[in-house]
Amino acid sequence: MPEILQKEGNREIIRKESSGGHTEDAPLNFFMPTYVKSNSRIGTVPGRRVSTGRQPETKNRKIISTSLTQDVKLHTTENAWKPLAKQFKDVADPDEQETLELLKKIRGILNKLTPQKYDDLSKQILSFKIDTEDRLKRVLDLVFEKAVDEPAFCLQYANLCKHLSKFKVMVNKEENAEEVKFLKLLLHKCQKEFEADIYASITDLKERQEEIEKCTDPQQKKFKREVLDEDMRRARKRSLGNIKLIGELYKLNMLKANIMVQCIDNLIKDADDESLECLCALLRTIGGQIELEASKSQQQTMLLDAFFGKMQNVADHKDPKVKGTSARVRFMLRDINDMRRNGWKARRDENLPKMIDEIHSDAQKEDEQMIRDRHQHSSKKQQEERDHNKKGGRQGNESGEGGAQWTTVIGRKSQNASQPNIDWQKMRNM
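Everything in this summary refers to the structure shown in the same document. Source: prediction; values computed, not measured.

Each value, and the rule that gives it
- Residues numbered from 1 in each chain as written.
- Predicted model: local features only at pLDDT ≥ 70, side-chain atom pairs only at ≥ 80, totals over all residues.
- Heavy atoms only, no water.
- Phe/Tyr/Trp six-rings, centres within 6.5 Å; stacked < 30°, edge-to-face > 60°.
- Helix = DSSP H or I, 4+ residues; strand = E, 2+ residues; numbered from the N terminus.
- Buried < 20%, exposed > 50% of the residue type's maximum accessible area, 1.4 Å probe, protein only.
- Salt bridge = Lys/Arg side-chain N within 4 Å of Asp/Glu carboxyl O.
- Contact = heavy atoms within 4.5 Å.
- Core = buried A, V, L, I, M, F, W, Y, C linked by side-chain atoms within 4.5 Å.
- Domains from an automatic or database assignment.
- Axes fitted to C-alpha atoms, helices over the stretch in contact; angles between N-to-C directions.
- Parallel < 35°, antiparallel > 145°, perpendicular 65-115°, else oblique.
- Left-handed = near helix turned anticlockwise from the far one by under 90°.
- Expected span 1.5 Å × (residues − 1).

### Some remarks on the packing of aromatic side chains
So, step 1. Applying the stated criterion across every chain yields a total of 1 aromatic pair.
So, step 2. With a centroid separation of 5.9 Å and an interplanar angle of 55 degrees, the aromatic rings of Phe-308 and Trp-344 are classed as tilted. In this pair, Phe-308 is assigned in helix H12 (residues 298–315) and Trp-344 in the loop between helix H13 (327–341) and helix H14 (356–399), connecting sequence segments 36 residues apart. We note that Phe-308, like Trp-344, is buried.

Printed below as a string of structure tokens:
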């Protein structure tokens, strides 16, 4: 039954049109309770005085009619996002479609990579067909980006790179066959990332800093500063991920010790906060192994000693060439020197990914340690109670029955009474 809103005088009436064609009038207070209707007028609130002046004007109602069949045009852009399924359909080249499908599968496997599932997932990646230079480079880029973006999993990604290092493809360049290896491409990419500036990914860094300095609106200036700080934090995280990946590759004998010494030397020469933080991350990863190899040669041992001596000078503000080092970085340098003196054993374990068996073993050790601490605390408390009871019984026996007697306290007068009286005037006349 459709409803029609009409206005007659000062009343708004809803007319209900029945199927027979006649209408029924219903006031707007149709759903108002009867006890309110009897005590109030239409359009007034109970308990308020009704003004006898001009009636308030009703606001004009704007009615917008829409239709499901109406064609609505949306705003479009040239580089609109498209799902991968639609991207595959738009690609006409079958080889490119196969490559995109391969990258999609590898990306899904890398997202599920954990120490527990590493063996099964690595076998799946090795079973894929990577037979062109383009696929080899794109797979390398995918693995490298995941490694530098997730530094905690650098060990797993380094092991994966070692397994992928057996991939090599033949490329014909001007009638000369050339072999392209995964390992060579990987080391070249790591070197290029290491030699580049940490904030090279932020192309407009200086312009944005100048814009922030010139900005007069405090809120807008704060917002731009936070956005720039976040971009710089991501760039530092990427640099740390790259240096950790380099260290893990060295531990897997994919890099030589002289390359590591050169990396350490370059980072110490730069001596800014970002480079020193990368240096600490590298030594925390490879410190024990590189010192073991350096011990075979006296020259390399002296070189490492010089590196650590310079680090200690920077931490103690004794290096005149290095100024403005933050306290956080200086404490990191001291921690590295402490680790070296302690046989490269960290004060606390790093929060690295673990297998399920290792997690269960750690939980069991924590429970056992908690039980031992509780037992030790209870036994210590019992021993204190026994000692207290023994001491209380001995005092009771000495003081009499039940220790109820009062003990006499020697006062100052009684102590002075036992001392002889001395006439100091006679002593002076003598």
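So, next bit.
### Overview of the pattern of salt bridges
For side chains bearing opposite charge, pairing can occur when the charged atoms are close.
So, step 1. This structure, assessed with the given rule, holds 22 salt bridges.
So, step 2. Of the charged contacts in the structure, one is a salt bridge between Lys-129 and Asp-131, with a shortest N-O distance of 3.6 Å.
So, step 3. Lys-129 sits in the exposed class, given a relative accessible area of 54%.
So, step 4. For Asp-131, the salt bridge identified is with Arg-135, shortest N-O distance 3.2 Å.
So, step 5. Taking relative accessible area as the criterion, Asp-131 reaches 38% and is therefore assigned partly exposed.

### Topic: helix H6 (residues 154–164)
So, step 1. Listed as buried for H6 are Cys-154, Gln-156, Tyr-157, Ala-158, Leu-160, Cys-161 and Leu-164.
So, step 2. Along its buried surface, H6 packs onto helix H3 (94–111), helix H4 (118–126), helix H5 (133–149), helix H7 (182–195) and helix H9 (218–251).

### Some points on the nonpolar core
So, step 1. Counting 72 residues, the largest nonpolar core has Leu-186, Leu-249 and Met-260 as its most contacted members.
So, step 2. At 10 residues, the largest contribution of residues to this core is made by helix H11 (residues 273–294).
So, step 3. Residues lining this core come from more than one domain, with at least three contributed by each of domain 1 (98–171 + 178–183) and domain 2 (191–244 + 254–342).
So, step 4. Apart from the residues within four sequence positions on either side, Leu-186 is in contact with Leu-140, Phe-144, Cys-161, Leu-249 and Met-254.
So, step 5. With 7 residues, the next largest nonpolar core counts Ile-202, Leu-228, Met-232 and Ala-235 among its residues.

### Points about unusual backbone geometry
So, step 1. A positive phi angle, close to 60 degrees, is found at Ala-271, a residue other than glycine.
So, step 2. Notably, His-317 is not glycine yet its phi reads approximately 60 degrees, a positive angle.
So, step 3. Counting through the fold element by element, His-317 comes out in the loop between H12 and H13.

### Examining the side chain of Gln-156
So, step 1. Here Gln-156 shows up in helix H6.
So, step 2. What makes Gln-156 buried here is its relative accessible area of 9%.

### Regarding the packing of H5 against H7
So, step 1. One can describe the packing of H5 onto H7 by two numbers: an axis separation of 10 Å at closest approach and a directional angle of 50 degrees. Here H5 is positioned oblique relative to H7, judged by the angle of their axes. Crossing of H5 over H7 shows right-handed handedness. On H7, the residues that touch Leu-136, Lys-137, Leu-140, Asp-141 and Phe-144 of H5 are Phe-182, Leu-185, Leu-186, Lys-189, Cys-190 and Glu-193.

### Considerations on H5
So, step 1. Spanning 17 residues, H5 covers 24 Å between terminal C-alpha atoms, matching the ideal 24 Å at 1.5 Å per step.
So, step 2. Glu-133, Arg-135, Leu-136, Val-139, Leu-140, Leu-142, Val-143, Phe-144, Lys-146, Ala-147 and Val-148 are the residues of H5 that are buried.

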